[in-house]
Each structure stands twice: as C-alpha cells, then as structure tokens.
Amino acid sequence: MKFEDLLLEIGGFGRFQVLILFSLCLLRIILPMHFLLHNFLAATPSHHCAIPHQEAFVNLTTEEVLLISIPREPDGTFKSCEMFSQPQFHLLLNSSLQPENYSSTQPCQHGWVYDHSQFTSTISTQWDLVCERRGLNQATATFFFIGVTLGAVIFGYLSDRFGRKAMLLLSLLCSAVFGMLSAASLSYSMLAVTRTLTGVALSGVSIIVLPLGMEWVDVEHRTFIGILISAFWSVGNMLLAMVAFLVRQWHWLLVAVTGPCLLSIVCLWWVPESARWLIANGKVKQAHRHLVRCARMNGRKDFTMNNFLSFHLSQALRQMATDKSPGKSYSYISLFRTPVLRKISLCSGAVWFGVAFSYYGMSLKLTGFGLNMYLSQFVFGIIEIPAKMIMYVLVNRVGRRQSQAWTLILTGVCIGANIIIPKPFSSLRSVVAILGKGFSEAAFTTVYLYTSELYPTVLRQNGMGYTSFMARLGGSLAPLVFLMDEVWRSLPEVTYCGVAVCCGSAAFLLPETLNARLPEGIEDVE
C-alpha cells in the first residue's frame, strides 16, 4: 500500500486540503512583492547635476541656468551625469549653438537634482546611486538574490531534516524582522545587509510552500494544485503594482510589503506537517494524528488505525528490503550519487537557472515598451494568469517535459525579437514583451510542478533547495547583466535570449512525470 492509496481512503482532495491550500496561497502572494520590489525600491527618476548658486545667475530662470550649465543629449534632454566646467553664457543668445569648449565638461560636482513627480524618494535618490554609482543600485537586487540563493540551500536541507512547517514558520518570522529592519536602514550598507538577510528568510517560503501543498493531495489533483499555488504569485505581482502606486516613499513601501508576513504566521499556525515527511522520518504517531484529522474533516469516518498500520508496515518492509531505514538523513550529495538522480539534478539545475535568469531579466526592466512602469508591472502580472491556465491544459496533454522546454525556448525567442524590432514600434514591442513575459511565467509555473515530481520524498526538499539555488544564482546575475549595455546596447537582451534557448533545450533530457506517482525513495527514481 502506497501513500497515494492511503490518501484516497482519507480523501485526496477534500475540505482539509482546500483549507491547507488557502493558507499556503496567501503565503505565495508575499513573494513577488519582495522579489520584484527592486523595480520601485531602486527606481531612478530623471535627474541632472545640481548647479550651485552664483551671483551671475540672479536674473536667470531655472531653465536658463540649466541651459548654460548642463550639456544636452542628441534628443535635446539634459545629460544626467555631466555639467560644464564653466557656464556657457553665449547659449542664452542661441541655444542651438555649440559650446565654446565642448570638451570642458566634468562629472557632477555638487550632487544631483531629481524629478520627484513620480517618486517621493527611492534608494537611488536617498544615497545618489546614479552615474558612476549606478552599479550599486543594480547590486541591491543582486544582494537580495544572493540571500535567496543561500536560503535555498539552508532551508532545503533544514526542511528535510526538521520538517516543512517548522521551517516555514521560521522563514516567515525572519522575513518580517529583516524586512522591517530594511525599512529602518540608515545607510546603504545597512540596507544591503538587511535585504540580503530578507532574501535568505523568504527563500524558505519560496521552496517549501509548493511541496507542502502537493504532499497532501492525490495524483489526480496534483497539477491543479501546482498551477493554483503558482497563480497567487501573479496576484502578488499585481498587488505590488497597486501598493507601489499608492506608496511612493521607499521606507513605507518596505513596511507595506513586509507587514503581510506577520498575518501569514497566524494563518499558517493550524496547517499540519506533511504526513509524507513524518512517515519518511519514522514519526508514526504524529502522522497518524494528522491523517485521522484529515479523514474526519473530509467526512471519511471509516478510516481506521488498521489501515494506517498496514500502510506503515508495508513501508517499513519496503525500506528494509532496500536497506533504507526510516529516519536516515540525506544531504545534497545524495542528489548526485546515483546515475538517474545525477542526470535529473544537472539538467533541472540548468533549466531553473535559465528560467529565473530570463524571468527576472524581463521583470526587472519595466521601461522601453511604451507603458508607464506601474501599468507594465500590472499588465505583466495579468498576462501570467492566462499563461498558467494554458499550462494547466498543456502539462496534462503534452506532458511536463515538452511544456517546460518549449515555454523557455519561446521566452528566449521573444526577447530576441525585441532586439530586432525598432524602438519607434512601441506597440509591437509591448505585445512581444507581454508574450515573452507570458511564456516566461509559464516556464516558471511548470518548473515548480515538474521538479517537485522528479525528486523522491526523502530528497524532495533537498532537490528543491538545490534547484532553487540555481534559480537564485540566475536571479542574482540578471540585474547585473543590465550594466553590459555600456559595452553594446543590445548585449543584455542577447545574453538573456541565448541563455533561455540553451537552458530550455536541456529540459528535453529530463524524464516525463505525467500521471506518475510521487517517488518515495531513491530506488523509485532509479
């Protein structure tokens, strides 16, 4: 008797599972509000060099002072990072004239003046993270994703060792503490450290929620659950756009997106530990208590202790036959010890890297598509909903492997197409970008579901931790790639395109898991 057979007896998808999923979906909303927060937290409004007051400027308007003090771009706008060494008064007579000595420009000497019409303050305006300090601005997102990368390894191991629920509660508590400390940051260094620690904490929520939900439902509803939980990421995506629109000051924006962590701790309190994990770790009595509770809530009152003992006995005999006693600890090294698991780990790691690298490459650039950044964020969130619905059909008809490979490859194709489409065709660029975002989200939706089905119960969280590590590595590098535009304007897009296509091709090497039982031990995979 396998665990899926036991689930059918107690109700594989009843009231008990619905309540669990409702609580877990609320947690999922929190993630994009932090993972994509960089778009608004570190937004850089238009700016120019600050011009110190001089007696010669007394009778000049602000526009005239700028005209004689700051050089212009070819499109007529003032340059953001340069000023004239000496005022060019002759430009007052005819602004179309060239400066007397155009080479006599210098970097901004007295700070910058920012346009506050869209943002009251961001970390860019707070600490002047512009021009030669622009890299520090992008690095803020990288620091966060480095934290998420480390957290994936830490929480992946700890949740397999100490349980899903305990680590989920710890993750939420730490997220709330470090998120509030980020909002109170007094320096850039403090912000960088606290955002990194917030990333570590939130990684636990990211990698535990989906496996915990799927370990409580039967095979028939597993795809639906994976898509449903994933859909709430899109809800959080849209909520972020609305919250950022209403809260334009970066300190309070951090408070607004961190507050829900405290509410989630309350909602999560009643959610039970995974019975699969309890059984795999020899905690029979606790598993029995949760299974009986599940049976009662689902109206299966004929569930008896005998059924449970029969199941546990068959599990014990099966473990003895393969010399794998319950409670044995596994590590990340176990993912690479056996040939099939090794192939799965290498290929799924590459897929996760490509999915995250291309997803955040698109999500962290909301300009250049003809829409304002709030509307772009909202539209990018909306397009993810139909993408997930389509994936619900595709993964059940076409299969996980083909769906995973082609959605990631098509993401790369859309990114590549926007390199070729001229900037004046803003409407066409917007359509292609939205399609690319849809494919990107479809790839992300599939990879969570697919990966949780590839690994056995005894290694599932280690597997999710490892693949999440690879994803966050991709997420960490994605913001820094934008800095490559100084080498060649289209180099970032070419990089995102190439990585997406190559990593998508690696998915063809993975096994198909459509309608397969979740593997319990390593021998099931091999």
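Within each chain, residues carry numbers counting from 1 in the order of the written sequence. Two thresholds apply to this predicted model, a pLDDT of at least 70 for residue-level local features and 80 or more for giving and counting side-chain atom pairs, whereas whole-chain, interface and lining totals are computed over all residues. For side-chain calculations, the full set of non-hydrogen atoms in the structure is used, while hydrogens and water are omitted.

The protein goes by Solute carrier family 22 member 7 in an unreviewed UniProt entry, where it is assigned to Indicator maculatus. UniProt positions are given in the numbering used here, feature names are shortened, and annotations may be inferred rather than shown by experiment. Turning to the protein, the UniProt annotation filed under Sequence similarities (unreviewed entry) states: "Belongs to the major facilitator (TC 2.A.1) superfamily. Organic cation transporter (TC 2.A.1.19) family."

Participant: How should I be thinking about the overall build of the protein in this particular structure?
Facilitator: The numbering of helices and of strands both runs from the N terminus, where a helix is a DSSP run of H or I of at least 4 residues and a strand a run of E of at least 2. Helix and strand counts for the protein come out as 20 helices and four strands. The atom set for the radius of gyration is the C-alpha atoms, and the globule formula is 2.2 Å times the number of residues raised to the power 0.38. For 526 residues, the compact-globule estimate of 2.2 N^0.38 gives 24 Å, and the protein sits close to it at 26 Å. Projecting the C-alpha coordinates of the protein onto the three principal axes gives extents of approximately 95 × 45 × 35 Å. Summary of the burial criterion: residues with accessible area below 20% of their type's maximum are buried, those above 50% are exposed, and those between are partly exposed, where the area comes from a 1.4 Å probe applied to protein chains only. Counting all 526 residues of the protein, 56% fall into the buried class. When checking whether two residues touch, look at their non-hydrogen atoms; a contact exists if any pair is within 4.5 Å. Considering only residue pairs separated by 6 or more positions, the protein has 80% of its internal contacts joining residues 24 or more positions apart. Accessible surface computed for the protein: about 21,500 Å², of which carbon and sulfur atoms make up 65%. Here the Shrake-Rupley method, with its probe set to 1.4 Å, supplies the accessible areas, and only the displayed protein chains count as covering residues.

Participant: Would you explain the UniProt feature "transmembrane region" (unreviewed entry) in the protein in this entry?
Facilitator: The positions UniProt marks with the feature "transmembrane region" (unreviewed entry) are residues 12–31, 139–159, 166–186, 192–212, 224–246, 252–271, 344–362 and 374–394. Span residues 12–31 is 85% helix and 0% strand, its end C-alpha atoms 27 Å apart. Spanning residues 252–271, this segment combines 85% helix with 0% strand, and its end C-alpha atoms are found 31 Å apart.

Participant: Is there a simple way to think about empty space enclosed by the protein in this case?
Facilitator: In the cavity and pocket records, a cavity denotes points on a 1 Å grid over the protein atoms alone where a 1.4 Å probe fits but cannot get out, a pocket denotes an open set with protein on both sides within 12 Å along at least 5 of 7 lines, and lining residues are residues with an atom within 4 Å of a point. Grid points are joined across faces, edges and corners, and a volume is the space filled by probe spheres set on the points. Applying the stated criterion to the full structure yields six cavities of 30 Å³ or more. In this structure, the second largest cavity spans a volume of roughly 60 Å³. Contributing to the lining of the second largest cavity are Arg28, Ser230, Trp233, Glu441, Phe444, Thr445, Tyr448 and Arg472. Every element with two or more residues in the lining of the second largest cavity is listed here: α9 (219–246) and α17 (426–454). When residues in the lining of the second largest cavity are grouped by element, the largest group, four residues, is from α17.

Participant: Could you clarify how one ought to interpret the confidence of the model for the protein in this entry?
Facilitator: A low pLDDT score tells you not to read the predicted coordinates there in detail. Looking at the protein as a whole, the pLDDT averages 85, with 91% of positions reaching at least 70. Averaged over each element, pLDDT in the protein is lowest for helix α13 (residues 305–321) (52) and highest for helix α5 (residues 123–127) (95). Values of pLDDT, the confidence the predictor places in each residue, fall between 0 and 100. Here residues 320–327 is modelled with pLDDT under 50, and outside its nearest four sequence neighbours on either side it reaches twelve contacts, counting other chains as well.

Participant: What's the story with the packing of helix α8 (residues 188–214) against α17 in this structure? I'm lost.
Facilitator: In a pair of packed helices, the angle between the axes and the distance between the axes together describe the arrangement. Between N-to-C directions, angles cover 0 to 180 degrees, with each direction set by a line fitted to C-alpha atoms, over the stretch in contact for helices. Where α8 contacts α17, the axes come no closer than 10 Å and their chain directions differ by 65°. Once α8 is placed against α17, the crossing between them reads as right-handed. Residues Ser206, Leu210 and Met214 of α8 pack against Tyr448, Leu449, Ser452 and Glu453 of α17. Here the term charged refers only to Asp, Glu, Lys and Arg, the term nonpolar to Ala, Val, Leu, Ile, Met, Phe, Trp, Tyr, Cys and Pro, and the term polar to all other amino acids, Gly among them. In the contact of α8 with α17, the residues fall into four nonpolar, two polar and one charged. By the definition used in this description, the sense in which the near helix is turned from the far one sets the handedness, with an anticlockwise turn below a right angle giving left-handed and a clockwise turn giving right-handed.

Participant: Which parts of the structure should I look at to understand the domain arrangement of the protein?
Facilitator: Interface size is often expressed as the accessible area that is lost when the parts come together. Each assigned domain of the protein is listed with its residue range as follows: domain 1 (47–114), domain 2 (276–323) and domain 3 (334–525). Domain limits in this description derive from either an automatic procedure or a database domain assignment. Each of domain 1 and domain 3 has a C-alpha centre, and the two are 45 Å apart.

Participant: Explain α8 to me, please; I cannot follow it from the model alone.
Facilitator: Side chains that are three or four residues apart share a direction in an α-helix, a result of its 3.6 residues per turn. Helix span, expected: 1.5 Å multiplied by one less than the number of residues in the helix. Look at α8: 40 Å from first C-alpha to last across 27 residues, which is about the 39 Å you get at 1.5 Å a residue. Note that the bend at a residue is defined as the angle between axes fitted to the seven residues ending at it and the seven residues starting at it. Most pronounced at Ile208, the bend in α8 amounts to some 30°, and the proline Pro211 follows within four residues. Taken across its 27 residues, α8 has 23 buried, putting it largely inside the fold.

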